[in-house]
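Below, each chain spelled out in residue letters.
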Amino acid sequence: MTPTTPADVPRQSATSDSAFLRAARGESVPHTPVWFMRQAGRSLPEYLKVREGIGMLDSCMDPDLVTEITLQPVRRYGVDAAIFFSDIVLPLKAVGVDLDIKPGIGPVVASPVRTLADVEAIPDLVPEHVAYITQAVKQLVPELGPTPLIGFAGAPFTVASYLVEGGPSKEHAKTKAMMHSAPEVWDALMRKIAQHSAAYLRVQVAAGASAVQLFDSWAGALTPRDYVEHVMPHSARVLSEVSGLGVPKIHFGVGTTNLLTLMGEAGADVVGVDWRTPLADGIARVGDRGVQGNLDPTLVFAPTEVMLERAAEVIEAGRAAKGHIFNLGHGVIPSTDPDQLKRLTDFVHSYPLG
């Protein structure tokens with residue numbers, strides 16, 4: 001662990017005994033901690049109000065707006081951690097890549113990466129590129145008090161897929177084609193993104209974040225062999241470069257049942273399990289690590305008693321883990337009723353530990 005700097009002391013002393021961080025470290029907890037991926041998201045009316053007429057990436061570069069949006073679900077739900085409001089492609093935007101997030105589509109890249117020269121034209125990320133992130137985190141930490149802030153970044157494969165495909169893709173055909181037919185370009189691209197992701201996480205932790213999450217949203221498109229040979233070393237580099245900062249590292253992907261063991265071995269303290277994998281199975285796969293998850297996000301649309309019955313099953317399964325952080329198995333769906341998430345949060349908090 002790197003020496004504690006004076007700037008780190010308030011964060012560590014204020015949040016170190018929180019239920020979220022205790023669970024991430026595999027320690028006893030006063031209650032099962034809970035937060036929700038995309039917990040501000042597009043479901044909160046207060047979020048929609050402050051974002052009205054403002055583009056996604058512009059919102060992510062406004063420290064005051066980032067602060068407000070990050071705090072909204074903490075105020076409304078009383079969750080055990082705040083997730084920093086940003087986007088996984090922001091580091092690319094920050095270094096000058098021509099991209100935008102199109103409503104209803106996602107990230108769209110004007111000039112997709114095809115050659116080694118395309119990769120070399122992308123600058124490395126330095127803290128000065130994202131000074132507004134440092135400012136936002138420093139504003140947030142005092143506001144959050146004992147509630148930990150989770151910093152995050154996109155994992156190399158998922159970010160690479162946007163750069164290569166030019167936008168979202170179901171098949172990731174161009175991405176896999178580059179991986180297998182132009183390995184030198186692929187390796188250079190993955191190294192570039194790994195540098196961005198690691199630097200971005202370090203900026204957030206240096207400013208006061210208490211934990212980090214690496215999102216590999218589309219890693220489920222890979223076979224275990226391809227993950228090991230072409231992806232895992234780069235994700236491991238990102239996690240390794242923040243391993244000395246003294247904060248827990250969460251690693252999450254969607255549809256990654258066959259990769260959970262490997263994602264843990266890449267360097268995670270906690271592995272996120274999506275809703276497709278029974279949590280007991282996920283726990284067995286990740287070994288001596290914590291788990292996060294994994295209620296099906298659509299269950300918030302079921303009758304409350306059904307949602308809570310399924311949540312109880314998740315909590316019960318989580319008892320077998322080294323540590324369990326309750327979450328949905330993916331992000332909050334935009335049409336979710338915020339009152340249902342409040343009921344869910346209160347239920348998780350009140351559920352007996354046994």
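Quick look at the packing of aromatic side chains
1) Next: Across all of its chains, the model carries 6 aromatic pairs by this definition.
2) Next: Taken together, a centroid distance of 6.1 Å and an interplanar angle of 85 degrees make the contact between Phe36 and Tyr77 edge-to-face. A residue pair is termed long-range when its members are at least 10 positions apart, and Phe36 in the loop between helix H2 (19–24) and helix H3 (45–51) and Tyr77 in helix H5 (residues 63–77) qualify at 41 residues.
3) Next: Since its relative accessible area comes to 1%, Tyr77 is described here as buried.
4) Next: A ring pair is formed by Tyr47 and Phe85, whose centres lie 5.9 Å apart and whose planes are at 70 degrees; its orientation type is edge-to-face.

Things to note about the side chain of Ser18
1) Next: As for its placement among the helices and strands, Ser18 is situated in the loop between helix H1 (8–15) and H2.
2) Next: Take Ser18: its relative accessible area is 11%, and that puts it in the buried class.
3) Next: Looking at Ser18, its side chain comes within polar contact range of the main-chain nitrogen of Leu21, at 3.3 Å.
4) Next: For Ser18, the residues in contact, after removing those within four places along its chain, are Pro146 and Pro148.

Digging into the environment of Met307
1) Next: Mapping Met307 onto the fold places it in helix H15 (residues 304–318).
2) Next: Residue Met307 is classed as buried on the basis of its relative accessible area, which comes to 0%.
3) Next: C-alpha separation for the pair Met307 and Asp296, spaced 11 residues apart in sequence, amounts to 9.2 Å.
4) Next: Among residues more than four places away in sequence, those in contact with Met307 are Leu295, Leu299, Val300, Gln340, Arg343 and Leu344.

Analysis parameters
All residue numbers refer to positions counted from 1 along the written sequence of the respective chain. Whole-chain, interface and lining totals are the exception, using all residues; otherwise, since this is a predicted model, local features are given only for residues with pLDDT of at least 70 and side-chain atom pairs are given and counted only at 80 or more. In computing side-chain properties, one takes all heavy atoms of the structure into account and sets aside hydrogens as well as water. Here the aromatic set is Phe, Tyr and Trp, taking the six-membered ring for Trp, and pairing holds for ring centres within 6.5 Å; pairs whose planes are under 30 degrees apart are stacked, those over 60 apart are edge-to-face, and all others are tilted. Put simply, DSSP marks the helices as runs of H or I at least four residues long and the strands as runs of E at least two long, and each gets a number from the N terminus on. Exposed residues in this analysis have more than 50% of their type's maximum accessible area, buried residues have under 20%, and partly exposed residues fall in between, with area computed by a 1.4 Å probe over protein chains only. Whenever two N or O atoms come within 3.5 Å, that pair is a polar contact, provided that in protein one can donate a hydrogen and the other can accept it, and provided that, for residues adjacent in sequence, both atoms are side-chain atoms. We call two residues in contact when some of their heavy atoms are within 4.5 Å.

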